[in-house]
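Results of the structural survey
Now for the letters of each chain:
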Amino acid sequence: MDLLSVVEWLGEYHTAAVLGLITGIIFGVSAQRSQFCLRAATVQFARGQLGDKVAVWFLTFSTAVVWVQGAQLLGLFNSADARQMAIPGSWSGAIIGGLIFGVGMVLARGCSGRLLVLAATGNLRSVVSGLVFAVVAQMSLSGILSDFRNTLASLWVTSGGRNLDLVAFFGLPQWGGLAIGVVFAILALVLSWKNQISASRLIFGAGVGFAVAVGWVSTYALSQIAFDPVTVESVTFSGPSAHTLMFFLDRNEVLQFSVGLVPGVVVGSFTSSFLKGEFKFQGFSDESNMRRSMTGAVLMGFGAMLAGGCAIGAGVTGGSVFAGTAWLALFCMWVGAMATDILLDQRGLKTKAA
C-alpha cells in the first residue's frame, strides 16, 4: 500500500499522525536501547572524557546527516522545504535559547527527548519534569511568555526570509553535506571502538538518527500528495510536547505529525524497557533534587522555543539539513551544559571531597 492509498483511506491529518507515531516508535526503541543523551555526552566531554556517551551522540548525529543528505541526493527529500529552512531563523534565539536550554538540560539531568524516554520506563521524576517542560513550552509558544520570546528572537534574524543553508553558504557541492556526515560517522566509529561499545548499542544509536530521516522523508512525501499544505518536519520535542498537551486539553486541536510523535516515543520506549526487564518506577531522591529538576525543565521549555528546537529538534534534526541557526543553537547548548557542569556539579564534587 503506497502513501496515496493511505491518505485516501485515513485522510491527511490522520496519515500525518500515523507517520509521527511510526517515527516516534523507532526513536523511542532506539533511544532507550542506546542510552542516547546529549546531556550525558556534554557532561562527559566537560570532564575531559571521550567516553561512550560522546561516541553514541556523534553516531546518532552522523547517522541522521548521512541518511537525510543521502535521501536528498536520491530525490526523496528536499531540505529547502524543511520547516527549519523555509522560515527565517533567529541567531539571537539560537544563542540565548541554546545557552538557556543547555543549563536546564544539566539541571534536569536530561534533555526533553531523554526525559520523555525515561518517563516511559517508569521514571516519575521525568514524568513531572516532562509535564513542566510541555507547559512552559506552550506558554512560550502562544502564552504569557510568547511576547518575551518573540522580543529576544527578533534581535537578530537571518536575511532573505529564510534560514541559512550552510552547505550553500560555504559553496559546497550537493554531496558536501553527505561527505561531512561520513566524516562524523568515522569519528563516531573510532570513538565507539575505543570505548568497546557493543554492536547492538551501535545499531540502536544509529536508529535514533534513522528516525530523524524517516520523519523528514515521510512528511516530505505526504506534502507532495496532500491537498492542504503539510509541514515538512521531523523529530523534535519542544513544539510537539506543547501540541500533544493541547490536543488532549482542547477539542479544537487537530491531529498532526507531532501529536503522533510523542505517543510513539512513549510506546517505543515502554515496550523496549519492558521487554528488556528495565521498566522500574523511580521518583525524586529528595526535595532539592525535585527543585533542581523542575527548574531545569522550566529553562528547557523556554530555551527550546527560543532556540527553534530542543537538543533533538535543533541539535540533530535541524543539524541534519544544515540549518545555520540549528548548528549555532547546538553549539550553544554544548557550551551552556558544559559551563553548568563545571561551575555547579564539578565544583560540588570537589567541595564534598574536601
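Fair warning: this is a prediction, and the values are worked out from it, not measured in the lab.

Parameters and conventions
Residues numbered from 1 in each chain as written. Predicted model: local features only at pLDDT ≥ 70, side-chain atom pairs only at ≥ 80, totals over all residues. Heavy atoms only, no water. Helix = DSSP H or I, 4+ residues; strand = E, 2+ residues; numbered from the N terminus. Buried < 20%, exposed > 50% of the residue type's maximum accessible area, 1.4 Å probe, protein only. Areas by Shrake-Rupley, 256 points an atom, 1.4 Å probe, with all protein chains shown as cover. Lys, Arg positive; Asp, Glu negative; His and termini not counted. Charge placed at Lys NZ, Arg CZ, Asp CG, Glu CD. 1 Å grid on protein atoms, 1.4 Å probe; cavity = no way out; pocket = protein on both sides within 12 Å on 5 of 7 lines; lining within 4 Å. Points joined across faces, edges and corners; volume = space filled by probe spheres on them. Nonpolar A, V, L, I, M, F, W, Y, C, P; charged D, E, K, R; others polar. Core = buried A, V, L, I, M, F, W, Y, C linked by side-chain atoms within 4.5 Å. Contact = heavy atoms within 4.5 Å. Polar contact = N/O pair within 3.5 Å; in protein donor to acceptor, adjacent residues only side chain to side chain. UniProt positions renumbered as here; feature names shortened; annotations may be inferred. Phe/Tyr/Trp six-rings, centres within 6.5 Å; stacked < 30°, edge-to-face > 60°. Expected span 1.5 Å × (residues − 1).

Here we come to the overall build of the protein chain. Within the protein chain, the secondary structure is distributed over 17 helices and 0 strands. Looking at the 354 residues of the protein chain, the share that counts as buried comes to 52%. As presented, the protein chain carries roughly 15,700 Å² of accessible surface, and 67% of it is formed by carbon and sulfur atoms. Averaging the positions of the 20 positive and the 16 negative side-chain charges in the protein chain gives two centres separated by 16 Å.

Taken as a whole, the largest pocket holds about 840 Å³ of empty space. For the largest pocket, the lining is made up of 42 residues, of which Arg-83, Gln-84, Ile-87, Leu-141 and Gly-308 are closest to its centre. Elements that contribute at least two residues to the lining of the largest pocket include exactly α2 (12-34), α5 (83-86), α9 (146-153), α12 (199-225), α13 (239-249), α14 (257-275), α15 (287-307) and α17 (324-353). With 4 residues, α15 is the largest single contributor of residues to the lining of the largest pocket. Taken together, the residues of the lining of the largest pocket break down into 20 nonpolar, 17 polar and 5 charged. Computed from the structure, the second largest pocket encloses a volume of approximately 370 Å³. Taken together, 19 residues make up the lining of the second largest pocket; nearest its centre are Leu-116, Gly-130, Leu-131, Ala-134 and Val-262. Elements with a minimum of two residues in the lining of the second largest pocket: α7 (112-119), α8 (124-142), α13 and α14. The dominant element in the lining of the second largest pocket, judged by the number of residues it contributes, is α8, at 6 residues.

Turning our attention to the nonpolar core. Counting residues in each nonpolar core, the largest one holds 75 residues, and the members touching the most others are Phe-27, Trp-57, Phe-77, Phe-101 and Phe-237. Residue contributions to this core peak at 11 residues, all from helix α4 (residues 52-73). The contact partners of Trp-57, leaving out residues within four places of it in the chain, are Phe-36, Leu-38, Ala-41, Leu-330 and Trp-334.

So, about the side chain of Thr-317. Of note, Thr-317 is situated in helix α16 (residues 313-320). With near-sequence residues (within four places) excluded, Thr-317 lies in contact with Gln-84, Val-212, Trp-216, Ser-234, Val-235 and Ile-312.

This brings us to empty space enclosed by the protein. The rolling of a water-molecule-sized probe over the atoms marks out the regions of remaining empty space. Taken as a whole and judged by the stated rule, the model has 1 cavity of 30 Å³ or more. Considering only enclosed or pocket space, the largest cavity measures out at about 30 Å³ in volume. If you go around the largest cavity, the residues you meet are Phe-27, Ala-31, Phe-36, Cys-111, Gly-113, Arg-114, Val-117 and Ile-312. For the lining of the largest cavity, the secondary structure elements donating two or more residues are α2 and α7.

Here α7 lies mainly inside the structure; 7 of its 8 residues are buried. Within the sequence span of α7, burial applies to Ser-112, Gly-113, Arg-114, Leu-115, Leu-116, Val-117 and Leu-118.

Looking now at the side chain of Gln-84. Mapping Gln-84 onto the fold places it in helix α5. Given a relative accessible area of 8%, Gln-84 falls into the buried group. Separated by 3.1 Å, the side chain of Gln-84 and the backbone oxygen of Gly-313 make a polar contact. Apart from the residues within four sequence positions on either side, Gln-84 is in contact with Asn-163, Trp-216, Gly-313, Thr-317, Gly-318 and Ala-323.

Feature annotation in UniProt assigns "transmembrane region" (unreviewed entry) to the following positions: residues 13-33, 54-77, 89-107, 166-190, 202-222, 254-275, 296-316 and 322-344. Taken end to end, residues 89-107 is 89% helix and 0% strand, and its two terminal C-alpha atoms sit 27 Å from one another. Between the C-alpha atoms that bound residues 322-344 there is a distance of 32 Å. The span itself is 91% helix and 0% strand.

With that settled, consider the packing of aromatic side chains. Under the definition given, this model contains 20 aromatic pairs. Look at Phe-77 and Trp-216: their rings are 5.4 Å apart centre to centre, the planes differ by 35°, and that puts the pair in the tilted class. With Phe-77 in the loop between α4 and α5 and Trp-216 in helix α12, the pair connects residues that are 139 residues apart, well separated along the chain. The exposure classification of Phe-77 matches that of Trp-216, with both residues buried. Taken together, the aromatic side chains of Phe-45, Trp-57, Phe-58, Phe-61, Phe-184, Phe-322, Trp-327 and Trp-334 make up a single cluster linked through ring pairs.

Let us now look at α8. Over its 19 residues, α8 extends 27 Å from the first C-alpha to the last, a length consistent with the 27 Å expected when each residue adds 1.5 Å. Of the residues making up α8, those classed as buried are Arg-125, Ser-126, Ser-129, Val-132, Phe-133, Ala-134, Val-136, Ala-137, Gln-138 and Ser-140. Near the N-terminus of α8, the side chain that reaches the backbone nitrogen of Arg-125, with its oxygen 3.1 Å away, is that of Asn-123.

Our next topic: the environment of Ala-242. Mapped onto the secondary structure, Ala-242 falls in helix α13. Its relative accessible area of 0% is what places Ala-242 among the buried residues. Separated by 104 residues in the primary sequence, Ala-242 and Gln-138 place their C-alpha atoms 4.9 Å from one another. The contact partners of Ala-242, leaving out residues within four places of it in the chain, are Ala-134, Ala-137, Gln-138 and Met-305.

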